[in-house]
Amino acid sequence: MNNTVTGHANKVAPEADETSAATIKTNVSDEGQIPSFGELVTQLQTPSSDGGPVAESFEGTNVDLTKSPFPVNNDLFEGLIHILMRDLPGNKYTFDGEKEVLWEIQIQGKFKRQIKGPIYLAMELPQEEKYKVTAPMKLVIKACLQLMKTMGHKDVHLSFGGSGEVPHMGAPAFHSFDRVVVTPPGATPPPLGHHLERMPSDIQRRKNFFKIDQKIDVGSTYTFSMKNRRFNPLSWKVVGVPIARQFTVSRFAESVRLAVYEVLEENGQPVEDPQGRVNTMAKKKHTKRNTFIWIKMSRKHHGQEEAYQEEYLHLD
């Protein structure tokens, strides 16, 4: 398969404590009880009370990050999501000594059925309308694409939204996860809140993703980990991106969402059955999908205009 950057509408030039799913109680808090750290507000998809489908929505349940992990439950996946943030008050997780890692998300649980379409991981803007791209933002997007390419993510799906699609930048989820651990029935999965060692299978999965023959095993427990070295939610800044070394995210968005979903329709047409294969691609518009895990981070508004005298966009 060719390694390409696919875009839609407008194209940009290519380029803790030891915890397991069995021991966690529901840690979803009421909105009025949520403390704010650095004015950050965090929401997760509200778990299904009966394990059924969860409607697509940009609104979920506010959570207190100091009480992570949190439950995930819908028609496709059931388990936990654990959010580990370096600058969060009281954080004791060391990120295995990787000082450049700003936060890590660990997910653990079981698929309840076979997937109906390609599985994607995307960073998106939670809005239905098309994103209006300014000249500085085009520069940022180009820099992000170049960075993703150097990290091995050459098949990036880019959309500025509109016509049934959310503005986002995504890639096949199983190619994007830093760690994937598949624990067979009867065996003990790794505990959340601990470092997941890089295994030979992770190297091969990232290096030869489109050649692997990996399928979803409904009976097994999956543990995923993804680390972020560029976006600091507590300071609301992106750092270390080529061309744009550092910039304040609020210049471009007040909310961002990390989502994992199965693509159900491309350009309004049902996708082919992936037969459980995790490396299936969806190159056209993701016009219908089933989002089964998401985390949204937003900045609180205070009614006054922010001051941006310090920086707008640093260029090399």
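Note that the coordinates shown come from a computational prediction; the quantities given were computed from them, not determined experimentally. (Residues numbered from 1 in each chain as written. Predicted model: local features only at pLDDT ≥ 70, side-chain atom pairs only at ≥ 80, totals over all residues. Heavy atoms only, no water.)

Participant: Can you tell me about the packing of aromatic side chains, naming the residues and giving the values?
Facilitator: Enumeration over the complete set of coordinates arrives at 12 aromatic pairs. Seen in terms of ring centroids, phenylalanine 77 and phenylalanine 292 are 6.2 Å apart; in terms of plane orientation they differ by 45 degrees. Their pairing is tilted. Of this pair, phenylalanine 77 sits in strand E5 (residues 77-85) while phenylalanine 292 is found in strand E17 (residues 286-299), placing the two residues 215 residues apart along the sequence. Relative accessible area serves as the criterion here: at 0%, phenylalanine 77 is assigned to the buried category. On the basis of relative accessibility, which here comes to 2%, the residue phenylalanine 292 falls in the buried class. Considering the side-chain rings of phenylalanine 174 and phenylalanine 224, the 5.4 Å spacing of their centres and the 85 degrees angle between planes classify their relative orientation as edge-to-face. Taken together, the positions of phenylalanine 174 in helix H2 (residues 173-176) and phenylalanine 224 in strand E11 (residues 221-228) put the pair 50 residues apart, joining distant regions of the chain. Of the residues examined, phenylalanine 174 reaches a relative accessible area of 1% and is grouped as buried. An aromatic cluster is present here, built from Phe77, Phe111, Phe174, Phe177, Tyr222, Phe224 and Phe292 joined pairwise through their rings. The ring of tryptophan 294 has arginine 257 lying over it, and the distance from NZ or CZ to the ring centre is 4.8 Å. It is arginine 289 that lies over the ring of tyrosine 261; its NZ or CZ is 4.1 Å from the centre. (Phe/Tyr/Trp six-rings, centres within 6.5 Å; stacked < 30°, edge-to-face > 60°. Helix = DSSP H or I, 4+ residues; strand = E, 2+ residues; numbered from the N terminus. Buried < 20%, exposed > 50% of the residue type's maximum accessible area, 1.4 Å probe, protein only. Lys NZ or Arg CZ within 6 Å of the ring centre and 35° of its normal.)

Participant: Run through the environment of methionine 85, naming residues and quoting values.
Facilitator: With respect to the helices, strands and loops of the structure, methionine 85 is situated in strand E5. Methionine 85 sits 20 residues away from isoleucine 105 along the chain, and the two C-alpha atoms are 8.6 Å apart. In this structure methionine 85 touches Leu40, Leu65, Asn91, Phe95, Leu102, Trp103, Pro233 and Leu234, once residues within four positions along its chain are discounted. (Contact = heavy atoms within 4.5 Å.)

Participant: I'd like a rundown of the nonpolar core, residues and numbers included.
Facilitator: Among the nonpolar cores identified, the biggest contains 43 residues, and Ile81, Phe111, Phe174 and Phe224 are the most heavily contacted of them. What phenylalanine 111 contacts, discounting residues up to four positions off in sequence, is Leu76, Phe77, Phe174, Ile216, Val218, Tyr222, Phe224 and Phe292. By size, the runner-up hydrophobic cluster in this structure holds 9 residues, among which are Ala122, Tyr261, Val271 and Met281. (Core = buried A, V, L, I, M, F, W, Y, C linked by side-chain atoms within 4.5 Å.)

Participant: Can you lay out the pattern of salt bridges for me, pointing to particular residues and giving the numbers?
Facilitator: One pass over the structure, following the stated rule, counts 10 salt bridges. Salt-bridge contacts for glutamate 98 lead to arginine 229; the nearest nitrogen and oxygen are separated by 2.6 Å. You can see glutamate 98 sitting in the loop between E5 and strand E6 (103-111) and its partner arginine 229 sitting in the loop between E11 and strand E12 (231-232), a full 131 residues away along the chain. Under the relative-accessibility criterion, glutamate 98 is labelled buried at 19%. Glutamate 100 is the partner of arginine 229 in a salt bridge, and the nearest nitrogen-oxygen pair spans 3.4 Å. Here glutamate 100 lies in the loop between E5 and E6 and arginine 229 lies in the loop between E11 and E12, a separation of 129 residues in the sequence. Using a relative accessible area of 28% as the deciding quantity, one classes arginine 229 as partly exposed. Overall, glutamate 100 belongs to the partly exposed group, its relative accessible area being 43%. (Salt bridge = Lys/Arg side-chain N within 4 Å of Asp/Glu carboxyl O.)

Participant: Which residues make up the confidence of the model for the protein chain, and what are the values?
Facilitator: Here the protein chain averages 79 in pLDDT, and 72% of its residues register 70 or above. Here residues 1-36 is a poorly scored stretch, pLDDT under 50, and it has 82 contacts once near neighbours within four places are set aside; other chains count. In the model, residues 303-316 has pLDDT below 50 throughout and makes 29 contacts with residues more than four positions away in sequence or in other chains. (pLDDT = per-residue confidence, 0-100.)

Participant: Before we move on, can you summarise the pairing of strand E7 (residues 119-124) with the specific residues and values?
Facilitator: Burial of E7 is extensive: 5 of the 6 residues sit out of reach of the surface. As paired strands, E7 and strand E15 (residues 255-266) are joined by 6 bridges and run antiparallel to one another. Note that in E15 the partner of leucine 121 across the bridge is valine 260. Sheet topology note: the E7/strand E9 (residues 168-172) ladder contains 5 bridges and is antiparallel. If you follow leucine 121 over to E9, its bridge partner there is alanine 171. (Pairing = 2+ DSSP bridges.)

Participant: An account of the sheet that holds strand E10 (residues 179-183) is requested, with residue identities and associated values reported.
Facilitator: Pairing is antiparallel in the open sheet, where 5 strands are placed in the order E4-E5-E6-E11-E10. Edge positions in the open sheet fall to strand E4 (70-73) and E10, since each of these has one partner strand only. Averaged over all neighbouring strand pairs, the angle between strand axes comes to 20 degrees, with direction disregarded. Bridge count between E6 and E11: 7 bridges; the pairing is antiparallel. Its bridge partner being in E11, isoleucine 105 is matched across the sheet by methionine 226. (Axes fitted to C-alpha atoms, helices over the stretch in contact; angles between N-to-C directions.)

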